[in-house]
Amino acid sequence: MAYTFFPEELFNTYPISFSDLPILEDAAIAGAIWLPSLHEESGGDFKRMKKTTSSGDLSDISVLTCGPSNSSVSSFSSSIPRSSSTASLSSGPQIRDRIKSYSQLYLDAEALAATIPAEDGGGERNADGMKLVQQLISCAEAVACRDRSHASLLLSELRANALVFGSAFQRVASCFVQGLADRLAMVQPLGTVGFVSPKMNIMDTASEKKEEALRLVYEICPYIQFGHFVANSAILEAFEGERLVHVVDLGMTLGLPHGHQWHNLIHSLARRQGPPPRLRITAVGLSTDKFRAIGDELEAYAVGLGVKLEFSVVHSNLENLNPKEIKTVPGETLVVNSILQLHCVVKESRGALNSVLQIIHELSPKVLVVVEQDSSHNGPFFLGRFMEALHYYSAIFDSLDAMLPKYDTKRAKMEQFYFAEEIKNIVSCEGPARVERHERVDQWRRRMSRAGFQPVALKMVGQAKQWLNSINAGEGYTTVEEKGCLVLGWKSKPIIAASCWKC
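On a predicted model such as this, the values are computed, not experimentally measured, just so you know.

(A) Local environment of the nonpolar core. Leu-136, Phe-176, Leu-180, Leu-279, Phe-386 and Tyr-393 are the most contacted members of the largest nonpolar core, which has 101 residues in total. The element that contributes the greatest number of residues to this core is helix H14 (residues 382–403), accounting for 12 residues. In terms of nonpolar packing, the next biggest core, distinct from the first, is built from 25 residues, Leu-353, Trp-444, Met-448 and Phe-453 among them.

This is the structure in structure tokens:
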């Protein structure tokens, strides 16, 4: 395991006045700060480090930082409830470590993206970038503390510096600024955060711009395509030698037009030796009209390849799904497909997801395929989620830099109408309205195990690498098998994970 140590001269060259931030003053934090780069020295594939404390364990920053700026750890400890004091005290140094880490994150992203000789004023740009990091996190803390005046002042400064067509970090910062502004606007006089009516996923009320952005994300970024490739590989293996097969698709990949995943599956089934099996596809979700249009297109495509396809729609969100609505046929082989969907039913309590998993278990599928964002955006405390999301989406925006020119409007559409929607939901929403509750693959493994599912190992790293080369994804993407799951990452940062399960 290789580690990247922060050089001491970095902070001497570009000093950040952390006294301006509402963070506990602790002399013990002044030592060396390091951040693991999470990659093997011998290759580009990443390995996840074992974490001793997750972002979900970070205490509510308002407990620690809303007091006087010159307070010490000991002075806070007497006012923290016994049930949360241990987690709260342990998170103070971590928060400061992370602030310094994100300063380095900005420099790393800029250095990796810059392929032209440094222009005059490069050091000044780095200093401006570090200031942007400081302002962004300070604003998040002010919003967490419900300090309207300070947060509004910082938001004004951030809007001038977080540019939609700027560097990767400026662009991702612009999305987080939108989320912080929305969260601040929803803070009620009594201190609660308001919310709107819940939906199944962020695309249920999609505008034409959001739908176009989703299409661009699918065509340009490999993340959703990767999920489809792994899922179809597992489904085809489950269908081997079967004559009557049935796919229950939860959400139809956010209603992605044309049903790309099933076009590919139908094509693969038609190419097999012997007559192709009879295929049934059941779409589950609220976008009924959109699903039916996809179904009509798929049926016409299947006829042309000699595949008998029966397409049906169940109008229901996952939490209210009745297994009796899914029509099964005796003797058929059934699989359940969930692409970027199950995280939407992860709530503060585990009841909603457990109910959905129980329904799936009742269907007795031969295989359940789950593809989810591999990040921890469901912690109970706002600032912890904010920091995790900032790290995750910074990696995604950095990957977009490698694929598209700086002023490409396609990139702006993807960032502002797709990824920004996820970011704003994570940052600004609470309660039922917060549906982007992404979790790490380890957490999914525990949840699935508790629901009675057993893992089916996906041993196809070599195939995944060949697939990445075939679509010309470019340098920087890595695939790794982790305890039977397959994870796609960008420069050592896990982005999306695919897993397979059986009853």
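Back to the write-up after that little detour.
(B) Region of interest: unusual backbone geometry. At Met-252, a position not held by glycine, the phi torsion is positive, near 50°. Looking at the element boundaries, Met-252 is found in helix H10 (residues 252–255). What makes Met-252 buried here is its relative accessible area of 3%. Despite not being glycine, Lys-491 shows a phi value in the positive range, around 50°. Tracing the backbone shows Lys-491 in the loop between strand E10 (485–490) and strand E11 (493–502).

(C) A nonpolar patch on the surface, seen in detail. A cluster of nonpolar residues, Val-164, Phe-165 and Tyr-407, forms a patch on the protein surface that exposes about 300 Å² of accessible area. Structurally, Phe-165 is set in the loop between helix H6 (148–161) and helix H7 (168–185). Residue classification places Phe-165 among the partly exposed residues on the basis of a relative accessible area of 35%.

(D) Summary view of the pattern of salt bridges. The full count for this structure, using the stated rule, is 23 salt bridges. Its salt-bridge partner being Arg-445, residue Asp-442 comes within 2.7 Å of it at the nearest N-O pair. Residue Asp-442 and its partner Arg-445 are both found in helix H16 (residues 441–450); the two are separated by three residues, about one turn of the helix. A single network of salt bridges, built from pairs that share partners, joins Arg-171, Asp-401, Arg-411 and Glu-415.

(E) Local environment of the packing of helix H11 (residues 260–271) against helix H12 (residues 288–304). Packing of H11 against H12 leaves a shortest axis separation of 10 Å and a crossing angle of 20°. Classified by the angle between their axes, H11 and H12 sit roughly parallel to one another. Seen from above, H11 lies across H12 with right-handed handedness. Residue-level contacts link Trp-262, His-263, Ile-266 and His-267 of H11 to Glu-297, Leu-298, Tyr-301 and Ala-302 of H12. Split into classes, the residues belonging to the contact of H11 with H12 amount to five nonpolar, two polar and one charged.

(F) Broad picture of the state of the cysteines. Under the criterion given, the structure shown has zero disulfides. Free of any disulfide, Cys-500 has its nearest neighbouring cysteine sulfur in Cys-485, separated by 9.6 Å.

(G) Region of the structure containing the side chain of Arg-385. Note that Arg-385 resides in helix H14. In this structure Arg-385 touches Arg-183, His-377, Asn-378, Gly-379, Pro-380, Ile-426, Cys-429, Glu-430 and Arg-434, once residues within four positions along its chain are discounted.

(H) Expanded view of the pairing of strand E6 (residues 333–339). Burial of E6 is extensive: seven of the seven residues sit out of reach of the surface. Neither face of E6 is exposed, since Thr-333, Val-335, Asn-337 and Ile-339 on one face and Leu-334, Val-336 and Ser-338 on the opposite face are all buried. Taken together, the six bridges between strand E3 (residues 244–250) and E6 define a ladder with parallel strand orientation. If you follow Val-245 over to E6, its bridge partner there is Thr-333.

(I) Quick look at the packing of helix H9 (residues 223–238) against helix H17 (residues 461–470). Two elements in contact, H9 and H17, have axes separated by 11 Å at closest approach and are oriented at 135°. Between H9 and H17, the crossing angle belongs to the class labelled oblique. Regarding H9 and H17, the two cross each other, and that crossing is right-handed. In this structure, H9 uses Gln-225, Phe-226 and Phe-229 to contact H17, whose residues at the interface are Gln-463, Ala-464 and Trp-467. Partitioning the contact of H9 with H17 into residue classes produces four nonpolar, two polar and no charged.

About the cut-offs
Within each chain, residues carry numbers counting from 1 in the order of the written sequence. Residues qualify for local features only when their pLDDT is at least 70, as the model is predicted, and side-chain atom pairs are given and counted only at 80 or more; totals for whole chains, interfaces and linings, by contrast, use all residues. The basis for every side-chain value is the complete set of heavy atoms in the structure, and neither hydrogens nor water enter the calculation. For this analysis, a nonpolar core means a set of buried residues of the types Ala, Val, Leu, Ile, Met, Phe, Trp, Tyr and Cys, connected via side-chain atoms within 4.5 Å. Exposure categories follow from relative accessible area, calculated using a 1.4 Å probe and restricted to protein chains: below 20% of the type maximum is buried, above 50% is exposed, and the middle band is partly exposed. Each helix corresponds to a stretch of at least 4 residues labelled H or I by DSSP, and each strand to a stretch of at least 2 residues labelled E; elements are numbered beginning at the N terminus. Patch criteria: residues need more than 30% relative accessible area and no salt bridge. Like-charged residues are merged within 9 Å; nonpolar side chains of Val, Leu, Ile, Met, Phe, Trp and Tyr are merged within 5 Å. Each accessible area is a Shrake-Rupley estimate made with a 1.4 Å probe; only the visible protein chains count as cover when residues are assessed. By salt bridge we mean one thing: a side-chain nitrogen of Lys or Arg within 4 Å of a carboxyl oxygen of Asp or Glu. Fitted lines through C-alpha atoms give the axes, limited to the stretch in contact for helices. The angle between two N-to-C directions lies from 0 to 180 degrees. To sort the angles, those under 35 degrees are grouped as roughly parallel, those over 145 as roughly antiparallel, those from 65 to 115 as roughly perpendicular, and the leftovers as oblique. What makes a crossing left-handed is the near helix being turned counterclockwise from the far one by less than a right angle; a clockwise turn instead makes it right-handed. Contacts are assigned to residue pairs with any non-hydrogen atoms lying within 4.5 Å of each other. Ten residue types, Ala, Val, Leu, Ile, Met, Phe, Trp, Tyr, Cys and Pro, are classed as nonpolar, four, Asp, Glu, Lys and Arg, as charged, and the remainder, Gly among them, as polar. Any two cysteine sulfur atoms lying within 2.5 Å of each other are counted as a disulfide. Paired strands, as defined in this entry, are two strands with at least two bridges between them according to DSSP.

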